[in-house]
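Report on the structure
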Amino acid sequence: QLQLVESGGGLVQTGGSLRLSCAASGFTLDYYAIGWFRQAPGKEREGVSCISNSDGSTYYIDSVKGRFTISRDNAKNTVYLQMNTLQPEDTGVYYCAAKGRRCTENQSTYVFWGQGTQVTVSS
C-alpha cells in the first residue's frame, strides 16, 4: 500500500512552534520531491514548502520564509516541516505530497497525498 501519513499538528498560541512529520509507506521518499500544502477554511489549498529529491533544494512561499524549515530524514523515510513563530494566518489543514523530480507549484503533478493534519494557531 502506497501512502503518506502526516502527524504533529495541534493547537498552539501565536508565536509557538510545531513540527509536522510526513512518513512514507510503500515507497522511498528519497526518490521524490516532497511538498507541504495547507488549506484554511474558505480558501483554496496552497503550496507552502517543498524539498527536492536530488540536491535537496528547498522552497517556501513568502509568508513563511524565515519561520518554516523543511527537511528530510531518509533513514526514517520521513520529511519534516518545522514551523516557528506561528501566526493565526498559518491555521489550516496541512498535507504532504510526493512527486517525481523537481518541486513545482502545480498540485496536479503530485502523485501521493497524505490525509492531512490540523494546525490551529490561536490569537
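1. Some details on the pairing of strand 1 (residues 3–7)
Residue alternation in strand 1 divides its side chains into a buried set, Leu4 and Glu6, and an unburied set, Gln3, Val5 and Ser7. Sheet topology note: the strand 1/strand 3 (residues 18–25) ladder contains five bridges and is antiparallel. Paired with Leu4 across the strands is Ala24, a residue of strand 3.

2. Digging into the nonpolar core
Counting residues in hydrophobic clusters, the biggest one holds 26 residues, and the most contacted among them are Leu4, Ile34, Trp36, Met83 and Tyr94. Of all elements in the fold, only strand 3, strand 4 (32–39), strand 5 (46–51), strand 7 (68–73), strand 8 (78–83), strand 9 (92–100) and strand 11 (117–122) reach the threshold of two or more residues within this core. For this core, the element with the highest residue contribution is strand 3, accounting for four residues. Once residues lying within four places of it in the same chain are set aside, the contact partners of Leu4 are Cys22, Ala23, Ala24, Phe27, Leu29, Cys96, Ala97, Ala98, Phe112, Trp113, Gly114 and Gln115.

3. Focus: unusual backbone geometry
Residue Asn77 is not a glycine yet carries a positive backbone phi of 55°. Along the chain, Asn77 turns up in the loop between strand 7 and strand 8. Not every positive phi belongs to a glycine, and Thr85 is a case in point at roughly 50°.

Rules used in this analysis
- Residues numbered from 1 in each chain as written.
- Predicted model: local features only at pLDDT ≥ 70, side-chain atom pairs only at ≥ 80, totals over all residues.
- Heavy atoms only, no water.
- Buried < 20%, exposed > 50% of the residue type's maximum accessible area, 1.4 Å probe, protein only.
- Helix = DSSP H or I, 4+ residues; strand = E, 2+ residues; numbered from the N terminus.
- Pairing = 2+ DSSP bridges.
- Core = buried A, V, L, I, M, F, W, Y, C linked by side-chain atoms within 4.5 Å.
- Contact = heavy atoms within 4.5 Å.

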